[in-house]
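Coordinate inspection notes
So you can see what is in the structure, the chains are spelled out below.
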Amino acid sequence: MNGYLVSEKEADCVGCGACVQICSHHAICMTENRYGFIYPQIDQKKCVQCGLCHNVCPMEHEIIKNPMNRLSFGGYIKDEKIRRNSTSGGAFTAICKAFCDTDYVIYGAASEGINVMHKEISDIDHIDIFYSSKYAQSFIGNSYAKAKVDIQNGKKVLFSGTPCQIAGLYRYLKNVDQGKLLTVEVICGGIPSALFVKKYNEWCISKYGTAIKTFNYRYTGKNRWDDQLIYVELENGKTFITTRWFSRFYSIFLQRLMSRPSCNACRFTSNERVADITIADLWGVDREYPELYDNGEGCSWIICNSEKGIQVFENAKKYMTGHEVDFEAMRRYQSIGLIRKIVHSRYKEFMEDLLVMDYPQLCKKWYKKPTLRLLYQKRIWNNRRRVLLWKIKSKYNYIRHVLNNEGRKKVEN
Ligand SMILES: Cc1cc2nc3c(=O)[nH]c(=O)nc-3n(C[C@H](O)[C@H](O)[C@H](O)COP(=O)(O)OP(=O)(O)OC[C@H]3O[C@@H](n4cnc5c(N)ncnc54)[C@H](O)[C@@H]3O)c2cc1C
Ligand code: SF4
Ligand code: SF4
Ligand code: SF4
């Protein structure tokens, strides 16, 4: 299979950085293209043609996936604070707690201003650096190499990331005993262009005289997980919290106009998963399992794909409230993550605009104001209506059940 290192076809590279880390001649570095997507670049003067970079590239080989999901669970972590700070229902922390007893290292994506980096912690008390989904490509750095050393030193390693990052890790660890490794992947809708975020940051600087300090794409501090709030804090302390419907930034971002080319042709969008455990939002919970909606404070979907994944998650259940959920029923709400990526019909046009327009110009052309109908459905009634109806129905059924029992007792007496 020919990959990016030969063809330079952008869709053939997920930017996992496995090639950079395997090259002992330091002949490869990652560089940003004009959209801010990172790609490897080979310094031919240093290259000795050993072929290791081709051998490690997940996109040049068949991807080994787990044949079928084996356990599908919906729920949320019992610890309210963790649930509030996590993206969905805090499943990631529950899994870490179950896996990490002694001598462990956890790898995941952490924010650094508007950038995202893969980092590691060896004390679960510092897990908050991984909380929250960052909808930006995480720079993997030399995390695969570090994880390899950790495993070789006898440590337990929990590695989390996007499915393509997990595929890169497995290629990198091909000849290493993986008994002490647990992988956790997110269901992944794709990585947007970093240039768009940079333009937004430039606009903040010109308007407020200061840059972005913290960017939270999935702010859940207001008990509104399914509203998808965005939280931005500037260096001067000014903060904005906006819903997806009113944030111009988020509205454009969510139209999926600017995904990385490899995301548009993602090889990981399927039921068969790469990692031991897959985590996601339990979208559709209000319809399918209203008892798990619980005031919209966040709900996770956990899919265990391997025996190891099942074993660890069985242990994680004690930290969670929830139950098994039907995989096929919930899959319907995850079309871009599990079924098919749809490339926006005006993708090319947007990408061209992105190069030449500034943030206000992009907003003027591409921001779509929400219609009143949408606002009514999503913001005013939201999913709570269905849950409210379910609650009324459950109460009614309960009262009927009690009255029937009372009636029966009287007759028996
Ligand atoms: C780019 C991206 C796209 C996603 N798309 C979908 C989707 O289409 N449908 C869906 O249901 N869920 C999607 N998710 C997953 C979802 O948003 C939550 O991350 C997931 O449910 C875990 O939530 P939690 O409450 O268990 O954990 P949290 O404590 O919030 O944990 C976050 C986890 O995500 C990892 N992570 C965060 N940002 C990144 C990143 N940039 N790159 C790699 N790993 C990262 C962290 O390492 C950690 O493991 C996506 C996540 C990301 C990062
Ligand atoms: S062929 Fe070998 S030396 Fe050349 S870039 Fe790839 S890994 Fe490095
Ligand atoms: S190893 Fe990863 S970064 Fe390198 S070419 Fe392959 S997909 Fe791209
Ligand atoms: S959409 Fe696919 S290729 Fe893109 S980051 Fe997610 S898993 Fe990787």
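Here goes a summary of the coordinates provided.

The rules behind these values
Residues numbered from 1 in each chain as written. Chains lettered and ligands numbered in written order. Predicted model: local features only at pLDDT ≥ 70, side-chain atom pairs only at ≥ 80, totals over all residues. Heavy atoms only, no water. Helix = DSSP H or I, 4+ residues; strand = E, 2+ residues; numbered from the N terminus. Rg over C-alpha atoms; globule rule 2.2 N^0.38 Å. Buried < 20%, exposed > 50% of the residue type's maximum accessible area, 1.4 Å probe, protein only. Pairing = 2+ DSSP bridges. Contact = heavy atoms within 4.5 Å. Axes fitted to C-alpha atoms, helices over the stretch in contact; angles between N-to-C directions. Parallel < 35°, antiparallel > 145°, perpendicular 65-115°, else oblique. Nonpolar A, V, L, I, M, F, W, Y, C, P; charged D, E, K, R; others polar. 1 Å grid on protein atoms, 1.4 Å probe; cavity = no way out; pocket = protein on both sides within 12 Å on 5 of 7 lines; lining within 4 Å. Points joined across faces, edges and corners; volume = space filled by probe spheres on them. Near = heavy atom within 4 Å.

What follows concerns the overall build of the chain. In terms of helices and strands, the chain carries 18 helices and 14 strands. In terms of overall dimensions, the chain is globule-like: its C-alpha atoms have a radius of gyration of 23 Å, near the 22 Å expected for 413 residues. Principal axes of the C-alpha set define a box for the chain whose edges measure 95 × 55 × 40 Å. Looking at the 413 residues of the chain, the share that counts as buried comes to 52%.

Bringing the sheet that holds strand S6 (residues 138-139) into the picture now. Sheet architecture is open: nine strands sit in the order S6-S5-S4-S7-S8-S12-S13-S3-S14, paired in mixed fashion. This sheet does not close on itself; its edge strands, each paired only once, are S6 and strand S14 (320-324). Where strand S3 (residues 71-77) and S14 come together, five bridges link them in antiparallel fashion. Its bridge partner lying in S14, Phe73 is registered against Glu324. Relative to the sheet, helix H6 (residues 143-152) contacts strand S4 (104-112), strand S5 (115-121), strand S7 (156-161) and strand S8 (181-186), its axis offset from that of S7 by approximately 160°. Strands S5, S6, S7 and S8 of the sheet are contacted by helix H7 (residues 163-172), whose axis makes an angle of about 155° with S8.

Glancing now at the packing of helix H5 (residues 91-99) against helix H12 (residues 307-316). Interhelical geometry of H5 versus H12 gives an angle of 100° and a closest axis separation of 8 Å. Relative to H12, the element H5 lies roughly perpendicular. Each of Ala94, Ile95, Ala98 and Phe99 in H5 lies in contact with H12, whose residues at this interface are Val312, Phe313, Asn315 and Ala316. The residue makeup of the contact of H5 with H12, split by class, is seven nonpolar, one polar and no charged.

Estimates place the volume of the second largest pocket at around 390 Å³. Residue lining of the second largest pocket: 20 residues in total, with Asp128, Tyr131, Ser132, Thr214 and Asn216 positioned closest to the centre. Going through the elements one at a time, helix H4 (80-85), S4 and strand S9 (212-219) are the ones with two or more residues in the lining of the second largest pocket. Sorting elements by how many residues they give to the lining of the second largest pocket places S9 first, with six residues.

Let's shift gears to the site of ligand 2. All residues in the neighbourhood of ligand 2 are listed as Cys23, His25, Ala27, Ile28, Ile42, Cys47, Val48, Gln49, Cys50, Gly51 and Cys53. Looking at side-chain class alone, the shell around ligand 2 contains eight nonpolar, three polar and no charged residues.

Such coordinate-based values are descriptive only and should not be taken to indicate function.
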